[in-house]
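The lines below spell out each chain.
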Amino acid sequence: MLVSLADIKSYLGISSGDTTYDTFLTTQGQLISDTIEAYCNRKFEVATYTQKFYSDEFGMIVKSISTFQYPLKTVTSVTEDTVALTDFRIHFPSGKLTNLLGFFSRGVKEVEVIYQAGYDVIPTPIQSVLLNLVQERYNKHVSGVSLNFGSDVQSISIPGAISVQFDYSLQSNERKSAFGTILGNYINVLDYYRSERSLIGEGVISYVS
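These numbers were taken from a predicted model, which means no experiment stands behind them.

Peer 1: For this particular structure, what's the right way to read the environment of Leu-2?
Peer 2: Structurally, Leu-2 can be placed in the segment before helix H1 (5-12). On the basis of relative accessibility, which here comes to 7%, the residue Leu-2 falls in the buried class. Through-space distance from the C-alpha of Leu-2 to that of Ile-32 is 8.8 Å; in sequence the pair is 30 residues apart. When near neighbours in sequence (up to four residues on either side) are disregarded, Leu-2 contacts Ser-33, Ile-36, Glu-37, Phe-44, Glu-45, Ile-122, Ile-126 and Leu-130.

Peer 1: Is there a simple way to explain the packing of aromatic side chains in this structure?
Peer 2: Both the distance between ring centres and the angle between the ring planes are used here to describe each pair of aromatic rings. Summed over the entire model, instances satisfying the criterion amount to 5 aromatic pairs. Measuring from centroid to centroid gives 6.4 Å for Phe-44 and Tyr-193, while their planes differ by 75 degrees, and the two rings are edge-to-face. Separated by 149 residues along the polypeptide, Phe-44 in the loop between helix H2 (22-40) and strand S1 (47-54) and Tyr-193 in the loop between helix H7 (187-190) and strand S11 (202-207) bring together distant segments of the chain. Across this residue pair, the class does not change: Phe-44 and Tyr-193 are buried. Note on Tyr-192 and Tyr-193: the rings are 5.0 Å apart at their centroids and 80 degrees apart in plane angle, and the pair reads as edge-to-face.

Peer 1: Honestly, the pairing of strand S7 (residues 110-117) in this entry has me stumped. Any pointers?
Peer 2: It is a general feature of regular strands that their side chains alternate between the two faces of the sheet. Burial analysis of S7 places 6 of its 8 residues in the buried class, which makes it a mostly covered element. Both S1 and S7 contribute to a ladder of 8 bridges, which runs antiparallel. Looking at S7, one finds that Tyr-49 is bridged to Tyr-115.

Peer 1: Please clarify how the packing of H2 against helix H4 (residues 124-143) should be interpreted in this entry.
Peer 2: When two helices pack together, their arrangement is captured by the angle between the axes and the distance separating the axes. Relative orientation of the contacting elements H2 and H4 amounts to 135 degrees, with a least axis distance of 10 Å. Comparing their axes, H4 and H2 come out oblique. Read as a crossing pair, H2 and H4 show a hand that is right-handed. For the pair H2 and H4, contact is made by Phe-24, Leu-25, Gln-28, Gly-29, Leu-31, Ile-32, Ser-33 and Ile-36 and by Ile-126, Val-129, Leu-130, Leu-133, Val-134, Arg-137, Tyr-138 and His-141, respectively. Grouping the amino acids of the contact of H2 with H4 by side-chain chemistry returns 11 nonpolar, 4 polar and 1 charged.

Calculation rules
- Residues numbered from 1 in each chain as written.
- Predicted model: local features only at pLDDT ≥ 70, side-chain atom pairs only at ≥ 80, totals over all residues.
- Heavy atoms only, no water.
- Helix = DSSP H or I, 4+ residues; strand = E, 2+ residues; numbered from the N terminus.
- Buried < 20%, exposed > 50% of the residue type's maximum accessible area, 1.4 Å probe, protein only.
- Contact = heavy atoms within 4.5 Å.
- Phe/Tyr/Trp six-rings, centres within 6.5 Å; stacked < 30°, edge-to-face > 60°.
- Pairing = 2+ DSSP bridges.
- Axes fitted to C-alpha atoms, helices over the stretch in contact; angles between N-to-C directions.
- Parallel < 35°, antiparallel > 145°, perpendicular 65-115°, else oblique.
- Left-handed = near helix turned anticlockwise from the far one by under 90°.
- Nonpolar A, V, L, I, M, F, W, Y, C, P; charged D, E, K, R; others polar.

Function cannot be read off these values alone, since they describe shape.
Quick look at the structure:
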């Protein structure tokens, strides 16, 4: 989960000793965390990865390769057909590896990179999106009143009493993205962190405790 239960409760003004909504908040926090990562096409928490690049997928010899996950924290090893490559330059923010002795994939079938990537501290905008979305769901869960004052849709809903919704845009985020119904207008904030990278070869993930 991208924000701890303790931080969610603190944001909502719930005392640490009050466990009434712990299960609900944990479920919602995990749901929104998973949705944020799915939309952004990347992981944010620190994890260790083994990623394999196959030469027939490059299309041509290349001087540099980029890891699917970033920013990099450490690179444990880079091997070409099980032979260790030691002369390479790392650009940690972007996850770019540059071969200083030549090109990747020249006469090589497989390049394997074992690395650790992610943020020690989740970016503040990501945390803010999650906390606001959890708050909206928590308020609705506790009061039964649903309020939405997004840029595309404004609505007020009180069960058994009234439900009014004004939608004055056919291009709302709910329609433009598969995750729009969960992330709503916060998609605009998440776009900054969204990755357009495609996974070349295959990757294995192992979270760091």
